[in-house]
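# Residue-level structural notes
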Amino acid sequence: MTRILITGAAGQIGTELTIALRKKYGAKNVLATDIKEPKDSPVTDGAFELLDALDAKQMCKYIRDYKINHIYHLSAMLSATAEQYPRKGWDLNMLSLLNVLELSREEGIKRVFWPSSIAVFGKGAKKVKCEQYEVQKPATVYGISKSAGELWCNYYFEKYGIDVRSLRYPGLISYKTLPGGGTTDYAVDIFFKAVAERKYTCYLKEGTRLPMMYMDDAIRATLELMEANKNKLSVRTSYNLSGVDFTPAALAASIRERIGEFEMSYAPDFRQAIAESWPGSIDDYYAQKEWNWKPKYNLERITKEMLTEVSSQRVNEYYL
Ligand code: AKB
């Protein structure tokens with residue numbers, strides 16, 4: 001029987017992944033954990049415990065108490081915040097992953113999921129259709145932690161046979177839980193501002209193309225990778241994963257098709273340099289070939305669904 005522990009369960013990915021995993025494996029088989037108890041979150045509808053992912057002893061206790069055999073380790077500091085707190089970002093992203101990998105070895109965990117990011121790429125990598133094995137020279141602390149983390153995942157697979165699986169997520173677009181501290185967050189914020197104020201000031205320049213993905217696609221990709229036949233997976237660092245790619249200007253135009261008076265202005269800040277260090281689009285040949293990955297959401301569908309879902313109730317919550 002699959003018994004799952006999720007760290008960072010109250011975050012942007014965690015909230016929706018917890019819901020999906022509980023649906024699939026049964027609520028009593030999925031333990032959601034986070035460093036803080038979230039307010040009004042579906043993750044506390046089932047088993048929930050407080051856990052700082054840096055606390056290996058407590059993590060070990062939960063693994064034993066709940067007879068855990070699969071871990072989804074999502075706690076992390078994202079790119080923009082980690083540039084502000086480099087040492088804290090490195091410690092959280094790196095040491096928590098090492099806790100998970102080491103406990104997986106000691107406690108016989110069967111399968112681990114860990115998210116990597118397009119942030120592993122930097123100077124020297126192809127900007128268009130960046131390939132799986134492009135050079136990795138990340139320009140951010142977050143990117144360095146993801147790049148090193150991928151190698152640790154591969155090491156634990158090669159050396160100890162831990163079945164660690166990973167995806168390089170692009171910017172994720174969702175409405176249930178908002179992202180925090182990422183460089184791609186504008187692509188979520190814009191929808192809330194468009195609904196509430198009909199205008200948005202973007203912290204990236206209008207032509208900054210980045211890879212993005214709708215959360216439904218990201219959750220489905222995660223479940224599909226975790227269910228894939230082990231013998232078919234050749235990538236044990238992390239899989240390139242592609243959804244859509246667009247610029248702030250293209251997103252604004254897509255919103256304007258539905259909200260005619262929407263206005264976009266631009267005030268680039270330090271996140272511009274981070275965005276410019278990343279590829280504009282991703283080639284996910286291995287994900288397609290080895291576990292049949294195919295995204296379902298294009299920009300038009302994302303815009304339509306986000307504007308429908310960002311109801312006035314969510315907007316009020318957002319502004320509180
Ligand atoms: C971020 O912007 O930091 C993240 C990412 C691309 O990994 N959304």
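Counting restarts for each chain, with residues numbered from 1 along the sequence as it is written. Local features in a predicted model are, by the rule used here, given only for residues with pLDDT of at least 70; side-chain atom pairs are given and counted only at 80 or more, and totals for whole chains, interfaces and linings are based on all residues. Values shown for side chains rest on all heavy atoms present in the structure; no hydrogens or waters enter the calculation.

### Notes on the side chain of R165
Numbering of helices and strands starts at the N terminus; helices are DSSP runs of H or I of at least 4 residues and strands are runs of E of at least 2. Among the structural elements, R165 can be located in strand 6 (residues 163-169). Only protein chains enter the accessibility calculation, which uses a 1.4 Å probe. A residue is then buried if its area is under 20% of the maximum for its type, exposed if over 50%, and partly exposed in between. Classification of R165 as buried rests on a relative accessible area of 2%. Counting of polar contacts relies on pairs of N or O atoms within 3.5 Å, with two restrictions inside protein: one atom must be capable of donating a hydrogen and the other of accepting it, and residues adjacent in sequence are counted only when both atoms are side-chain atoms. In terms of polar contacts, R165 uses its side chain to reach the backbone carbonyl oxygen of M226, at 3.3 Å. Of the polar contacts made by the side chain of R165, one reaches the backbone oxygen of A228; its length is 2.9 Å. In contact with R165, other than residues within four places in its own chain, are R111, V112, F113, W114, L225, M226, E227, A228, K230, L233 and R236. The criterion used for residue contact is that any of the two residues' heavy atoms lie within 4.5 Å.

### A short note on the packing of helix 2 (residues 56-65) against helix 4 (residues 86-107)
Each axis is a line fitted through C-alpha atoms, taken for helices only over the stretch in contact, and angles between the N-to-C directions span 0 to 180 degrees. The geometry of helix 2 relative to helix 4 is characterised by a closest axis approach of 11 Å and an angle of 40° between their N-to-C directions. Relative to helix 4, the element helix 2 is oriented oblique. By crossing handedness, the relation of helix 2 to helix 4 is classed as right-handed. Residues A56, M59, C60, I63 and R64 of helix 2 lie in contact with helix 4, whose contacting residues are N99, V100, L103 and E107. Taken together, the residues of the contact of helix 2 with helix 4 break down into six nonpolar, one polar and two charged. Geometric relationships in this document are graded by angle, where less than 35 degrees denotes roughly parallel, more than 145 denotes roughly antiparallel, 65 to 115 denotes roughly perpendicular, and other angles denote oblique. Less than a right angle of anticlockwise turn of the near helix away from the far helix marks a crossing as left-handed, whereas a clockwise turn marks it as right-handed. Classification convention: Asp, Glu, Lys, Arg as charged; Ala, Val, Leu, Ile, Met, Phe, Trp, Tyr, Cys, Pro as nonpolar; all other residues, Gly among them, as polar.

By themselves, these figures tell us nothing about what the structure is for.
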